[in-house]
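Chains, contacts and geometry: an overview
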Amino acid sequence: MSESVTLPLHMRRAGFDPAPELSALRDDEGVRKVSTPFGIEAWMVTRFSDVREVLGDATRFSNARTASFRPPGQIDLSDEQIAAMRAGNMLSFDPPEHTRLRRMLTPEFTVRRMRRLEPRITDIVEQHLDAMERNGSPADLVADFALPVPSLVICELLGVPYADRADFQRRTNGMLDLSAPLEQRVALQLESRAYMGELVARTQADPGDELLGMLVREHGDDLTTDELIGIGSLLLLAGHETTSNMLSLGTLALLRHPDQLELLRKEPSRIDAAVEELLRWLSIVHSGTAKLTTTEVELAGRRIPAGELVMCVLPSANRDPALLSDPDRFDIERGALGHVAFGHGVHHCLGAPLARMEMRIAFPALLRRFPELREVGGPADFRSFHVVYGLRTLEIAW
């Protein structure tokens, strides 16, 4: 069976672009009921205004109530096991429980706090560029730069031993690969929680200055061990997986648009605008967390009953002509904010300031170091079946 048949509609791409059938759906119906990879049906929302409405209303569109859904073929876990696996995962809760968890973390992810990390992130970027230069051209940008830089940053921020990166990257890669059997993905999730459980136990015994240590010291009485494990697991996964794919896919986008690459080289002050345009244009997260309607709602003229699953298709929303003109064109001169690449509303990505800072440092440093940077080797190897879109490898030379 071909990929175009087996790949869920909301995950279909044509290189950098949402698949033509997704754009057609957005421009025609806007909302459609489809089958999901989990064997249950969901309403797919594709327009920018409707996606913002769903993401911005945690009362009518609930994250927490999706826990009641048990897809066909679901691994037989007890209610206690499911509750333990959900604990601490902010994406699994609505306010006020979500608010309680997020409030403890928000101070660590402010723009001001992130600026304190800037010198260390710069060091990490330069060290990896030094290693690439020493080892010589060509190189795999994914393995040599895009994956290790954010992995090391989040390890240091959280207090995760960087020596463990191969194992947690293997687990993350498997957990997010929807082409893998469900049993395998759940087993990796349990393995990941067991690893984080050991790390939390060590931190509880001897809390350091890292984020996990801070949570134990300052909120140890307010957070259960399961919640600490859930917070650590979510931040470790999200902290390296998304930024890594933005760095590799973003570099490829610039290389494939030499006019934009040249503009950024000549005017590096455009980096903030370039990062926002890359976030919008690439939209590497296919959809936010599925939501459950708590009452009857209307979207794009369709009535959706209470108790139905709703999925937001972020790539089509960020390419909506209602958001900006000529949305399929990659143009770093736009500099327009307002995209939903980081989500919207109460679940807007907590780590957005960190991700922006890493990209703002990494892209210019890469382009400065290798003025003749170019894509070589075979065609780009896009990673289609993953929850986070990206590249498996990207061979470059200079």
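Because the structure is a prediction, the values reported are computed rather than measured. (Residues numbered from 1 in each chain as written. Predicted model: local features only at pLDDT ≥ 70, side-chain atom pairs only at ≥ 80, totals over all residues. Heavy atoms only, no water.)

Along the protein, the regular secondary structure elements total 16 helices and 14 strands. A compact globule built from 398 residues would reach a C-alpha radius of gyration of about 21 Å, and the protein, at 21 Å, matches this within 12%. The proportion of buried residues among the 398 residues of the protein is 52%. Look at the contacts in the protein between residues 6 or more apart in sequence, and 72% of them connect residues 24 or more apart. With an accessible surface of roughly 17100 Å², the protein has 50% of that area assigned to carbon and sulfur atoms. (Helix = DSSP H or I, 4+ residues; strand = E, 2+ residues; numbered from the N terminus. Rg over C-alpha atoms; globule rule 2.2 N^0.38 Å. Buried < 20%, exposed > 50% of the residue type's maximum accessible area, 1.4 Å probe, protein only. Contact = heavy atoms within 4.5 Å. Areas by Shrake-Rupley, 256 points an atom, 1.4 Å probe, with all protein chains shown as cover.)

Pairing is antiparallel in the open sheet, where three strands are placed in the order β6-β14-β11. A single partner strand is all that each edge strand has here, and the edge strands are β6 (139-140) and β11 (374-375). (Pairing = 2+ DSSP bridges.)

With that settled, consider the nonpolar core. The biggest cluster of nonpolar side chains holds 87 residues, and the ones touching the most others in it are V125, F145, L211, L215 and L282. Per-element tally for this core: the top contributor is helix α12 (residues 225-255), with 13 residues. Residues W43, V51, V54 and V297 belong to the second largest nonpolar core, which totals 16 residues. (Core = buried A, V, L, I, M, F, W, Y, C linked by side-chain atoms within 4.5 Å.)

This part covers helix α16 (residues 352-369). Taking 1.5 Å of rise per residue, the 18 residues of α16 would be expected to cover 26 Å, and the 26 Å separating its terminal C-alpha atoms lies within 8% of that figure. Buried residues dominate α16, accounting for 13 of its 18 residues. (Expected span 1.5 Å × (residues − 1).)

Time to look at the packing of helix α14 (residues 271-282) against α16. Where α14 meets α16, the closest approach of the two axes is 10 Å, and the angle between their N-to-C directions is 115°. Classified by the angle between their axes, α14 and α16 sit roughly perpendicular to one another. The two elements α14 and α16 meet at a crossing, and its hand is right-handed. Where α14 abuts α16, its residues I271, D272, V275, E276, L278 and L279 lie against R356, M359, R360, F363 and P364. Of the residues that constitute the contact of α14 with α16, the class distribution is seven nonpolar, no polar and four charged. (Axes fitted to C-alpha atoms, helices over the stretch in contact; angles between N-to-C directions. Parallel < 35°, antiparallel > 145°, perpendicular 65-115°, else oblique. Left-handed = near helix turned anticlockwise from the far one by under 90°. Nonpolar A, V, L, I, M, F, W, Y, C, P; charged D, E, K, R; others polar.)

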